[in-house]
Amino acid sequence: MPKLILIDADFTLLDVERDFALRPGVTQTLARLKAQANGPHIAIVTNQGGPACRTAGWDWSAKYPDLPEIETRYNTLAADLDLPLYLSLAYITSQGDVLLPPGVTPDDPRANPAWRWPAAGLFIQAMRDFGIRRPGEVLLVTTQDKAKCAARSLRIPVADGQPWFNQPARPVSKPAPRRLTPLRAPF
C-alpha cells in the first residue's frame, strides 16, 4: 500500500464530458481508503493552464475558463472530498514561454513552471509536504499521458484512473472446501 496517493482531477475524479461531475466509484473508493487504519495520505493534483490561455489573445482563447471558475471548481472539489489540492496554473507555450493568468504572480506556487506536467515539481512538493522520501511510496492515479510521464520520471508508480475507481470492494476470500477423492484400490 502506498503512503501517498495523488489523484488527477480531470478525467480521473471528474467527468469532463459530463459537466465535471464526479466519476463513478470515486466517493466509495475514497471512503474505503480514508477508513483504513494507518491508510495512505491522499491529495488531488491538477494542471489548469486554461486561465492563462484565455488571456493569451489567440483566436480560440475565449473557449478556456477564467481563473475564478477554475479556483471555484477545484477548491470546491477539494473541500467536498476533504483532500488537499495541488494546482498548477502555469501554461508553457511551444516556444517555452510561461503564461500566467492575470492576478497570479510569479511567487505564487501555482505559477511555478516546474509544477506543470510533464515536469514533476507538483509531485515533489506533495511528497515534501507529506514527508515522503521515496517515490516508490507514492501512487499517481491518472488518465493523462503527460502526468504519467512526469510520475515515471521520478519512478512513481502509476494507476489508470478509470478502472482504479471502478474496482469493486475486494471481499475476504474463504478457502475453498477440500474435497477428498477416494483412491482406487490397487487390485
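Everything quoted here is computed from the prediction, not taken from an experiment. (Residues numbered from 1 in each chain as written. Predicted model: local features only at pLDDT ≥ 70, side-chain atom pairs only at ≥ 80, totals over all residues. Heavy atoms only, no water.)

This part covers helix α5 (residues 145-153). Among all positions of α5, only A147, K148, A150 and A151 are buried. The buried residues of α5 occupy one face: seen down the axis, they fall within an arc of 160°. Those residues of α5 that are exposed and aimed more than 90 degrees away from the buried face are D145, K146, R152 and S153. Buried residues in α5 make contact with α4 (121-130), β8 (138-142) and β9 (158-160). Looking one or two residues beyond α5, the residue adopting positive phi is R155, at roughly 70°. (Buried < 20%, exposed > 50% of the residue type's maximum accessible area, 1.4 Å probe, protein only. Helix = DSSP H or I, 4+ residues; strand = E, 2+ residues; numbered from the N terminus. Arc of directions from axis to C-beta. Contact = heavy atoms within 4.5 Å.)

What follows covers the sheet that holds strand β5 (residues 85-88). The parallel open sheet is built from five strands, whose spatial order is β5-β4-β1-β8-β9. Either end of the sheet is taken by a strand with one partner, and the two such strands are β5 and β9. In this sheet, neighbouring strand axes are inclined to one another by 25° on average, regardless of whether the strands run parallel or antiparallel. Here five bridges tie strand β1 (residues 4-8) to strand β4 (residues 41-47), and the two strands are oriented parallel to one another. From the neighbouring strand, I5 faces β4, where its bridge partner is I42. Contacts from α4 reach β1, β4, β5 and β8, with the element oriented near 155° to β5. (Pairing = 2+ DSSP bridges. Axes fitted to C-alpha atoms, helices over the stretch in contact; angles between N-to-C directions.)

Bringing the pattern of salt bridges into the picture now. Tallying each qualifying case throughout the model produces seven salt bridges. Across the pair E69 and R73 runs a salt bridge, and its minimum N-O distance is 2.8 Å. Taken together, the residues span about one helical turn, with E69 and R73 both in helix α3 (residues 67-81) at a distance of four residues. Residue E69 is classed as partly exposed on the basis of its relative accessible area of 37%. (Salt bridge = Lys/Arg side-chain N within 4 Å of Asp/Glu carboxyl O.)

This brings us to the packing of aromatic side chains. Tallying each qualifying case throughout the model produces five aromatic pairs. Considering the side-chain rings of W58 and W60, the 5.7 Å spacing of their centres and the 25° angle between planes classify their relative orientation as stacked. Owing to a relative accessible area of 45%, W60 belongs among the partly exposed residues under this scheme. An aromatic cluster is built from W58, W60 and Y91, whose rings are joined through pairwise contacts. (Phe/Tyr/Trp six-rings, centres within 6.5 Å; stacked < 30°, edge-to-face > 60°.)

Geometric descriptors of this kind do not, in isolation, establish any biological role.
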